[in-house]
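Listed below, chain by chain, are the residues.
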Amino acid sequence: MTSLRERFTADLKEAMKAGDKGKVSTIRMITSALKDKDIEARGLGKGETTPDELLALLQKMIKQRQESIAIYEANGRPELAAGETAEVEVIASYMPRQMSDDEVKAAIADAVTESGAASVEDMGKVIAILRAKFAGQMDFGKASGLVKAALAG
């Protein structure tokens, strides 16, 4: 299986040959953010950014763009929102398949059982298990609300 880094390089070459300026700029933005993350990791005495950290970075980039889209749409700037939407699509193409709502609920139920969580105070244990098993596959913002509801119920 090729690594995401290799996919970025291959896809960048392909997009450049195809003249897809939007995809080229988005992939360059991703690789730039990844280099920054690698430099930060080296400064902390760690090695290269791990695959899970890379997925978290991509997820963060998507979330930032989704927030920008909402702001642009609220302020009547559909052309700017369209540009951000195109970037989200390119970034999302590197993410693992996102879990459905039912899959997320089942994963939460399993994590609650596995952690032995009994109340909302144990929410951190459940989220830690979910992050370890499903990094990049679920929206942890939504999941934390579902975990809280499951533990409060």
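Keep in mind it's a predicted model, so treat the numbers as computed, not measured.

Basis of the calculations
The residue count restarts for each chain, going from 1 along the sequence in the order it is written. In view of the model being predicted, local features appear only for residues whose pLDDT reaches at least 70, and side-chain atom pairs are presented and counted only at 80 or more, with totals across whole chains, interfaces and linings using the full set of residues. Based on all heavy atoms of the structure, the side-chain values leave hydrogens and waters out of the count. Going along the chain from the N terminus, every DSSP run of H or I of four or more residues is numbered as a helix, and every run of E of two or more is numbered as a strand. Accessible area is worked out with a 1.4 Å probe on protein chains only. A residue is then buried under 20% of its type maximum, exposed over 50%, and partly exposed in between. Put simply, buried Ala, Val, Leu, Ile, Met, Phe, Trp, Tyr and Cys residues joined by side-chain atoms within 4.5 Å make one nonpolar core. Note on definitions: a residue-residue contact is assigned when non-hydrogen atoms from the two residues lie within 4.5 Å. Every residue carries a pLDDT, the predictor's confidence in it, which falls somewhere between 0 and 100. Between Lys or Arg on one side and Asp or Glu on the other, a salt bridge is scored when a side-chain nitrogen of the former is within 4 Å of a carboxyl oxygen of the latter. To pair, rings of Phe, Tyr and Trp, with the six-membered ring standing in for Trp, must have centres within 6.5 Å; the planes then decide the type, stacked if under 30 degrees apart, edge-to-face if over 60, and tilted in the middle.

Caption draft 1: Spotlight on the overall build of the protein chain. Helix and strand counts for the protein chain stand at seven helices and zero strands. Counting helices and strands in the order they occur from the N terminus, the protein chain gives α-α-α-α-α-α-α. Overall size of the protein chain, expressed as C-alpha extent along the three principal axes, is 55 × 45 × 30 Å. Across the 153 residues of the protein chain, 34% fall into the buried class.

Caption draft 2: Up close: the nonpolar core. Counting 22 residues, the largest nonpolar core has Leu 4, Phe 8, Ile 30, Leu 54, Leu 58, Met 61 and Tyr 94 as the members making the most contacts within it. Examining the composition of this core, we find that seven residues originate from one element, helix α3 (residues 51–74), more than from any other. Residues contacting Leu 4, with those up to four places away along its chain left out, are Leu 54, Leu 55, Leu 58 and Tyr 94. Among the nonpolar cores identified, the runner-up in size contains 18 residues, and Met 123, Ile 129, Phe 134 and Val 147 belong to it.

Caption draft 3: Highlighting the confidence of the model for the protein chain. Averaged over every residue, the pLDDT of the protein chain is 88; residues scoring 70 or more account for 98%. Confidence scores differ between elements of the protein chain, with helix α7 (residues 140–152) showing the lowest mean pLDDT of 82 and helix α4 (residues 78–92) the highest of 95.

Caption draft 4: Quick look at the pattern of salt bridges. With the rule as written, the count across this model stands at seven salt bridges. Between Asp 38 and Arg 5 there is a salt bridge; the shortest N-O distance is 2.9 Å. You can see Asp 38 sitting in helix α2 (residues 21–43) and its partner Arg 5 sitting in helix α1 (residues 4–18), a full 33 residues away along the chain. Measuring nitrogen to oxygen at the nearest pair gives 3.7 Å for the salt bridge that ties Asp 122 to Lys 125.

Caption draft 5: Quick look at the side chain of Thr 26. Tracing the chain through its elements places Thr 26 in helix α2. Those residues in contact with Thr 26 that sit more than four places away from it in its chain are Glu 87, Val 90 and Ile 91.

Caption draft 6: Structural context of the packing of aromatic side chains. In the structure shown here, the tally under the stated rule is one aromatic pair. Plain terms: the ring middles of Phe 8 and Tyr 94 are 4.7 Å apart, the flat faces sit at 70° to each other, and that makes the pair edge-to-face. Here Phe 8 is found in helix α1, whereas its partner Tyr 94 is found in the loop between α4 and α5 (101–115), with 86 residues between them in sequence. Per residue, the accessibility class of Phe 8 equals that of Tyr 94, and both read buried.

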